[in-house]
Structure formats: C-alpha cells, structure tokens
Amino acid sequence: MPIAQQLPSTGHKSHANKLQIVPGEWRRLEGIQPMPTAGLIRNVTKWTDGYLPKNDTDLLPNERPTIPCPVLVGFALTDAERLGVPNTTSELVPWIIHLPIQTVQCVLHAVFPETRNYSFSLYNDPQNLDGDLFQSLSWMRDGEDVDPDPRLVLAIQPPWILSDKDIAMFSKSRAFPPYKKSGHMFPQQAELASEHRVWGKVYDLCVKRRTRWFVLTSYNSWVFGAFSEGWTFGFVTDVFRRDAYGPTIAQMLMFWIASAMQMKDTVCVPKVPEPVAHIFVPLVIPDQKACIEFKSVTGSESHWDGKSDDAPSSAGVEISDVGSIVSGMMGGPPADTIQYGVMVRQGPLENWLKDQSRSVALPPDALQLEQIVKKVQHAPLEAHLGDWMI
C-alpha cells in the first residue's frame with residue numbers, strides 16, 4: 001500500500017499516538033494475558049481446512065472477493081489504485097474495507113448462512129475526540145444503527161501513528177495501570193504510556209459497543225484480542241504481518257469473527273476469577289470533553305548513539321561539568337585539583353556539612369561522663385516490671 005506520510009524508523013515508536021485517554025475508575029482492566037501463538041495457528045488452520053471450501057463456491061449477488069489472487073496476476077489491482085494514496089486515517093479506512101474486509105465478508109456470507117444478515121459498518125461515535133488518529137468498524141446486523149448484539153469491533157490506526165514498535169508494545173503489555181483516587185500515597189500519573197492509551201481506547205470502544213471481541217490493525221500489522229466476561233482481563237495474540245501466510249490475515253479475520261459469533265470449533269474467551277458484580281453490573285463510560293495537552297517530544301532516546309551530547313542534554317546535565325570528577329573516579333588525578341575540590345564541596349554537600357556541624361553536640365569530657373553514669377545507676381525504677389509488656 002502506498003502512503004503519503006513518512007513512517008517511523010524500523011524499531012522505533014511514532015510518538016504521535018496522542019489519544020485523548022485519561023486514567024478512569026470506570027475501567028476494570030487489570031491484567032493482560034497472551035494467547036499461545038502455536039495453538040492458535042493450529043486451531044485456525046484446522047478450522048479453515050474443515051469449513052472453508054477449497055473449490056469454487058457460489059457467491060451471493062453483488063458480492064465478490066477483492067484480495068488479489070496469486071494465480072490471476074493483476075486481479076483487483078485496478079480497484080485498489082482507485083482508492084488513492086492514504087494521507088489521513090479516514091483515507092486509510094477504505095483500504096481496510098475494500099481489500100481484506102470485503103473479501104472476508106464475501107466468503108463468510110457464501111459459506112455460513114447465519115452471517116448473511118451481518119456486515120461491517122463504520123462506527124461514527126460523536127464522543128470520539130480522536131477521529132484523526134483512530135477509526136473503527138463494527139461487525140453488526142444490517143440496517144441497525146445501534147445493534148443490541150454486536151459481535152466484534154475492528155480498530156484502525158494508520159502505520160505512521162501506530163508503528164510496528166507501537167503495536168508490538170501493545171501486544172506485549174501484561175497489565176494496565178490501576179486508577180488511583182485522590183489522596184493515594186502514590187499520585188496518579190497525568191499521562192498514560194502510548195500502549196496503555198491504545199488499550200484504554202480499545203477497552204472503552206468495546207464497552208460502548210457491548211462486545212468483548214476486537215481486532216487492532218495499522219494495515220501493515222494485525223493483533224486479535226478479547227476481554228473476559230467481567231472486563232477485568234484482556235487476552236491478545238502476537239502481531240501478525242499483513243503478508244502472513246499459514247494462516248493469512250483473511251483466514252485469521254474469518255476465524256475471529258466466527259469465534260465472536262460462537263460458531264462450532266472456534267475459540268472462546270477463557271474463564272478467569274472475577275467479582276460477580278463485574279459480570280452482572282454493566283459498565284458505563286462517561287463522556288469526555290476535555291482535551292489532554294501532551295508534552296512535546298523532541299525524539300526517542302533510542303536514537304542516541306552514545307557519541308554526542310543529545311542524551312545528557314535532554315536529561316538536563318552537561319558532561320563538561322563533571323569531566324574532572326569522572327577522571328578522578330577512573331583512577332587518575334583530575335586535571336585541575338583545586339577545581340575538583342571546589343566542585344565536590346560546593347552546593348548541597350557543603351550546606352549539609354554546615355548543618356551537621358551546627359546540630360551535632362560535642363561529646364562530654366571524662367568527668368561529666370562519670371557523673372552521668374552514676375546518676376543513671378542510682379535512679380529509682382518508677383514503673384512495675386512487666387508493665388511494658390501489656
């Protein structure tokens with residue numbers, strides 16, 4: 001897929017995923033568990049081999065697959081070219097719909113009659129403050145703006161926002177920061193880490209849509225997940241690349257939709273210990289109106305090669321200020337002994353020494369010490385033995 005935006009360097013975060021997600025006591029999410037990749041791949045392969053046809057299948061009218069076929073070179077490429085080069089999140093959504101989603105939907109409708117009244121629809125959330133960063137699709141019944149029984153949500157972020165490193169950190173997250181009320185001994189951080197903001201966004205989206213199954217994609221990378229019945233645990237797969245084979249992304253999508261619809265021989269969300277109230281009391285996500293002002297990020301520390309002053313300057317120190325001290329610690333005498341002594345003595349260390357000299361009393365001489373000892377030895381015991389044990 002051609003793109004107009006510049007992608008982050010390989011192995012680096014984008015530092016642009018500034019989702020308007022703040023810590024909230026309504027989120028019950030505590031732990032995040034990985035789904036075993038090897039077992040999942042076996043299940044997907046077995047399911048596709050058993051249920052998806054290997055030969056030609058009659059398709060529904062006005063439906064056709066759109067993913068290019070390896071045998072028919074050039075198939076559907078003309079349609080993809082008409083989509084244009086995506087420059088925004090909204091321009092990326094048609095690429096997701098037209099290529100993998102339309103093909104998946106076409107195959108499911110042809111093979112499974114119970115899915116024919118379901119389709120993917122763009123979810124227009126009036127409370128979404130992150131429309132330029134985050135869009136979503138819902139697998140829901142046709143003709144219903146608010147489906148009482150949606151089955152799955154597909155969250156979309158462009159690759160220049162959700163880089164390969166960002167989505168990998170999302171997949172590797174194993175906990176969500178707990179909400180700390182006012183007065184907690186450890187204050188609540190104003191900003192969540194980028195991977196936790198994505199988890200919070202996906203969590204809130206699933207709660208609003210009343211579905212525990214989700215998919216997160218940047219088009220280049222895909223992650224599949226679900227939440228427990230009481231919304232306290234999340235389950236997530238490893239990252240799958242768009243060109244994955246055995247299974248392909250299309251096969252993974254079909255299997256995940258089938259699992260969300262509780263079809264035969266699919267996976268289910270594992271049972272975990274949860275409070276009963278979390279299972280039966282519905283969650284309510286409050287409307288968020290205030291916008292977060294994020295701190296400006298000049299660059300990732302991982303760009304520092306150790307050969308420049310970039311990293312120490314970002315930490316607020318200067319290497320030149322401690323050069324003499326470092327040289328002394330390495331075993332050799334400092335270049336300027338007088339300056340070395342001044343640097344060590346000045347500032348907080350010198351002030352601390354002055355305070356200690358004023359506050360510490362001098363030891364008594366021998367005669368005073370003897371009088372103190374005699375006085376203590378002959379002092380009457382005013383308390384009964386054992387009172388201190390009560």
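The rules behind these values
Residues numbered from 1 in each chain as written. Predicted model: local features only at pLDDT ≥ 70, side-chain atom pairs only at ≥ 80, totals over all residues. Heavy atoms only, no water. Phe/Tyr/Trp six-rings, centres within 6.5 Å; stacked < 30°, edge-to-face > 60°. Helix = DSSP H or I, 4+ residues; strand = E, 2+ residues; numbered from the N terminus. Buried < 20%, exposed > 50% of the residue type's maximum accessible area, 1.4 Å probe, protein only. Lys NZ or Arg CZ within 6 Å of the ring centre and 35° of its normal. Core = buried A, V, L, I, M, F, W, Y, C linked by side-chain atoms within 4.5 Å. Contact = heavy atoms within 4.5 Å. Salt bridge = Lys/Arg side-chain N within 4 Å of Asp/Glu carboxyl O. Patch = residues over 30% accessible without salt bridge, like charges linked within 9 Å, V, L, I, M, F, W, Y side chains within 5 Å. Areas by Shrake-Rupley, 256 points an atom, 1.4 Å probe, with all protein chains shown as cover. Expected span 1.5 Å × (residues − 1).

(A) Examining the packing of aromatic side chains more closely. Following the criterion strictly, the structure yields 18 aromatic pairs and no others. Both rings, one in Trp-47 and one in Phe-255, keep their centres 5.7 Å apart while their planes meet at 70°; by these two values the pair is edge-to-face. One end of the pair, Trp-47, is in helix α1 (residues 37-51); the other, Phe-255, is in helix α6 (residues 249-260), and 208 residues separate them in sequence. For the residue pair Trp-47 and Phe-255, the accessibility class agrees, reading buried in each case. A ring pair is formed by Trp-199 and Phe-227, whose centres lie 6.0 Å apart and whose planes are at 75°; its orientation type is edge-to-face. Of this pair, Trp-199 sits in helix α5 (residues 194-209) while Phe-227 is found in strand β6 (residues 221-227), placing the two residues 28 residues apart along the sequence. Of the aromatic side chains, those joined through ring pairs into one cluster are Phe-170, Trp-199, Tyr-203, Phe-214, Phe-227 and Trp-231. Taking the ring centre of Phe-134 as reference, the NZ or CZ of Lys-201 above it sits at 5.5 Å. Sitting above the plane of the Tyr-123 ring, Arg-209 keeps its charged end 4.2 Å from the centroid.

(B) A look at the nonpolar core. Ranked by size, the top nonpolar core spans 44 residues in total, and within it Leu-152, Leu-154 and Trp-256 carry the most contacts. Top contributing element to this core by residue count: α6, with 10 residues. Apart from the residues within four sequence positions on either side, Leu-154 is in contact with Ile-96, Ile-101, Phe-120, Gln-135, Ser-136, Leu-137, Val-215, Thr-217 and Trp-222. Ala-155, Trp-199, Tyr-203 and Leu-216 belong to the second-largest nonpolar core, a separate cluster that totals 31 residues.

(C) Structural view of the pattern of salt bridges. Counting across every chain of the model gives six salt bridges. Its salt-bridge partner being Asp-164, residue Arg-241 comes within 3.1 Å of it at the nearest N-O pair. Linking Arg-241 in strand β8 (residues 240-241) with Asp-164 in helix α4 (residues 164-172), this pair joins segments that are 77 residues apart in sequence. One salt bridge connects Lys-271 with Glu-229, and the closest N-O pair in it is separated by 3.1 Å. Placement of the pair is Lys-271 in the loop between α6 and α7 (276-280) and Glu-229 in the loop between β6 and β7 (233-236), with a sequence separation of 42 residues. Owing to a relative accessible area of 71%, Lys-271 belongs among the exposed residues under this scheme.

(D) Up close: a nonpolar patch on the surface. A cluster of nonpolar side chains, namely Val-276, Ile-279 and Phe-280, defines an oily patch on the protein surface of about 320 Å² accessible area. Classification of Val-276 as exposed rests on a relative accessible area of 55%.

(E) Region of interest: the side chain of Arg-151. Among the structural elements, Arg-151 can be located in the loop between β3 (135-141) and β4 (152-156). Here Arg-151 is in contact with Tyr-118, Trp-139, Thr-211, Trp-213, Ala-260 and Met-261, once residues within four sequence places are set aside.

(F) Structural context of α5. In this model α5 runs 23 Å from its N-terminal to its C-terminal C-alpha over 16 residues, within 8% of the 22 Å that 1.5 Å per residue would give. Buried residues dominate α5, accounting for 15 of its 16 residues. Two residues or fewer after α5 comes Arg-210, characterised by a positive phi angle close to 60°.

That is the geometry; function is a separate question.
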